[in-house]
Each structure stands twice: as structure tokens, then as C-alpha cells.
Amino acid sequence: MTCIIVDDEPLAVKLLQSFVERTPDLQLMGAYTDSVEAIAALRQEPSDLVFLDIQMPDMDGMELAHLLPQKTRIIFTTAFKEYAYDSYEVAAIDFLLKPIRYNKFLAAVEKAKAVMQPASQSLSPSSFFIRVDGELRQIQTDDLLYVSGMKDYVMFYLQSQPKPLITHMTMKAVEDLLPTDRFMRVHRSYIVALDKIRSVDRNDCIYIGNEIIHVTEAFRQPFQQFLDDRIVK
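Residues numbered from 1 in each chain as written. Predicted model: local features only at pLDDT ≥ 70, side-chain atom pairs only at ≥ 80, totals over all residues. Heavy atoms only, no water.

Thoughts on the overall build of the protein
So, step 1. In terms of regular secondary structure, the protein is built from 7 helices and 15 strands.
So, step 2. Counting the 233 residues in the protein, one finds 46% classified as buried.
So, step 3. Expressed as a percentage of contacts within the protein between residues at least 6 apart in sequence, the contacts between residues at least 24 apart total 49%. (Helix = DSSP H or I, 4+ residues; strand = E, 2+ residues; numbered from the N terminus. Buried < 20%, exposed > 50% of the residue type's maximum accessible area, 1.4 Å probe, protein only. Contact = heavy atoms within 4.5 Å.)

Describing the sheet that holds strand β13 (residues 199–200)
So, step 1. The strand order across the open sheet formed by 3 strands is β13-β14-β15, and the pairing between neighbours is antiparallel. Two strands in the sheet have a free side with no partner beyond their single neighbour: β13 and β15 (211–214).
So, step 2. Examined bridge by bridge, strand β14 (residues 205–208) and β15 share 4 bridges and lie antiparallel to one another. Residue pairing across strands places Cys205 opposite His214, the latter belonging to β15. (Pairing = 2+ DSSP bridges.)

Some details on helix α2 (residues 35–44)
So, step 1. All of the buried residues in α2 are Ser35, Ala38, Ile39, Ala41 and Leu42. An end-on view of α2 places all buried positions within 160° of arc, on one side of the element. The exposed set on the far side of α2, more than 90 degrees from its buried face, consists of Arg43 and Gln44.
So, step 2. Check the buried side of α2 and you find it contacts β1 (2–6), β2 (27–32), β3 (49–53) and α3 (61–65).
So, step 3. For α2, the N-terminal capping position is held by Asp34, with its side-chain oxygen 2.9 Å away from the main-chain nitrogen of Val36. (Arc of directions from axis to C-beta. Polar contact = N/O pair within 3.5 Å; in protein donor to acceptor, adjacent residues only side chain to side chain.)

Some words on unusual backbone geometry
So, step 1. Here the residue pair Lys98 and Pro99 is connected by a cis peptide bond, since its omega of -5° sits within 30 degrees of zero.
So, step 2. Assignment of secondary structure puts Pro99 in the loop between β5 (94–97) and α4 (102–115).
So, step 3. In this structure, Asp204 is a non-glycine residue whose phi angle is positive, near 60°.
So, step 4. With respect to the helices and strands, the residue Asp204 is situated in the loop between β13 and β14.
So, step 5. Exposure remark for Asp204: the relative accessible area of 18% places this residue in the buried category.

Looking at the pattern of salt bridges
So, step 1. All told, the structure shown has 14 salt bridges when counted by the stated rule.
So, step 2. A salt bridge links Asp176 to Lys172, with the nearest nitrogen and oxygen atoms 2.8 Å apart. Of this pair, Asp176 and Lys172 are both found in helix α6 (residues 171–177), 4 residues apart, which corresponds to roughly one turn of the helix.
So, step 3. On the basis of relative accessibility, which here comes to 24%, the residue Asp176 falls in the partly exposed class.
So, step 4. Judged by relative accessible area, Lys172 falls into the partly exposed class, the value being 31%.
So, step 5. In this structure, Arg185 engages Glu175 in a salt bridge whose closest nitrogen and oxygen atoms are separated by 3.2 Å. Here Arg185, found in strand β11 (residues 183–187), pairs with Glu175, found in helix α6; they are 10 residues apart in sequence, far enough to count as distant.
So, step 6. Looking at Glu175, the relative accessible area reads 29%, which means it is partly exposed.
So, step 7. Among the charged side chains, a salt-bridge network with shared partners connects Asp7, Glu9, Asp53 and Lys98. (Salt bridge = Lys/Arg side-chain N within 4 Å of Asp/Glu carboxyl O.)

Below, the structure written as C-alpha cells:
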């Protein structure tokens, strides 16, 4: 993946540059301490990924994020954790709190790689890895019942395990990762495995595993279309 760094602190830029150099799957295209210069460079030659500070003069990171090319993914870097919630407005891959450690940096890059797989590779993945308590855990898509989001964490509920696997990730990243022919978002906080649904009641409540999930208005139309295509007349 190509990437750039945007941070008004030279020491922060230097640290991130060293992290990029240690990571084989990343190619640094540029590092900027000025957000206006950064957006000009990105418009001329877009990068796959931007490590973006939020609090900067002239144009802050959140403003810059709204100007980025659509395919450019964002990993925010900041010393202020109160900005974490705002990062969801622009579907950021991750939110790294300074001082940043390399293991956190690498975990964020792995999330970006998962989201940015070519479509041909992401149609029917048989498994994928998430980071849980400092280790990588493999999830078989056939084993996945549903995913639930809570603030900046998501919980993967599996048929084979009584307790969910919890990782730091956005629901948007999970949605992009899972094959759309088998999984659907039915609520701001839920993605379900369509073939694991036991029943749907008249109130648009899905019964799956040990959970009852209500399909909200924002997601009702595509879910209803899914049902209509499969109802035996």
C-alpha cells in the first residue's frame, strides 16, 4: 500500500516514517507538516492510506479528511482521545493515540490491508485474522453468526465459542471486509450472517444465535429485498 504522513510535529513525522520503513507492505510517498500542501499532493497523486494528525494549524485533520479522494483510507494519529468518536464521521480505519507504539501501528495497518483487498479476493474469503488481547485470532466466515459494534470496538460472535472475540475496529471496516453476498448490515451496530438467520418476526426482528436484532429503518429496504428474493410464494 502507498501511504503518506500528515502531522505538524516533526518528531511525530520522524517516528511514523521509521514505522513505515519497518513495515514491508507500506511504501511512503511523502510526509507533510502542512495540511494544505498534503491535500494538494494527494489530489495530484492519491495514496492508498494517510496517517493523519487531527489537531493542526490552517486546516485540521478532520477538515482534510473530508477533502480526500474517496478511495484513500485514513488512520488518525492524535494525542487527544476525545477525538475518537469524530473519526467515525469519515469511516477512519483506526485511531492511534500518541505516543504511538509500533504494535498498535502494525495492527492498524493490518486492518487497512483487510479493508483494501482487491474485490476479487474479498468476495468469498474463507477466513480472516483479527487482533484479540495482543494475539492474532483466525475467524472462519462459516463460523461467524453476527458482529456487534460498541464505540470503537467490535465483537465477533461465533457458533463455536460461547463468548465473543473483541477487537479494536470500526463497523465500516468489518462491513468492507465481509462478503456482501453472505453478510448484511441491518443496524448501525449489527452485521448478520444471512444464512444463520433462524427467523424474522412481523416487527422486523431477526432471531440469530442467542440474540434478537431489530432491523432499523436505515437498513430495512435492502434487508426486505433480501427476504423478498427468497420467500416461497
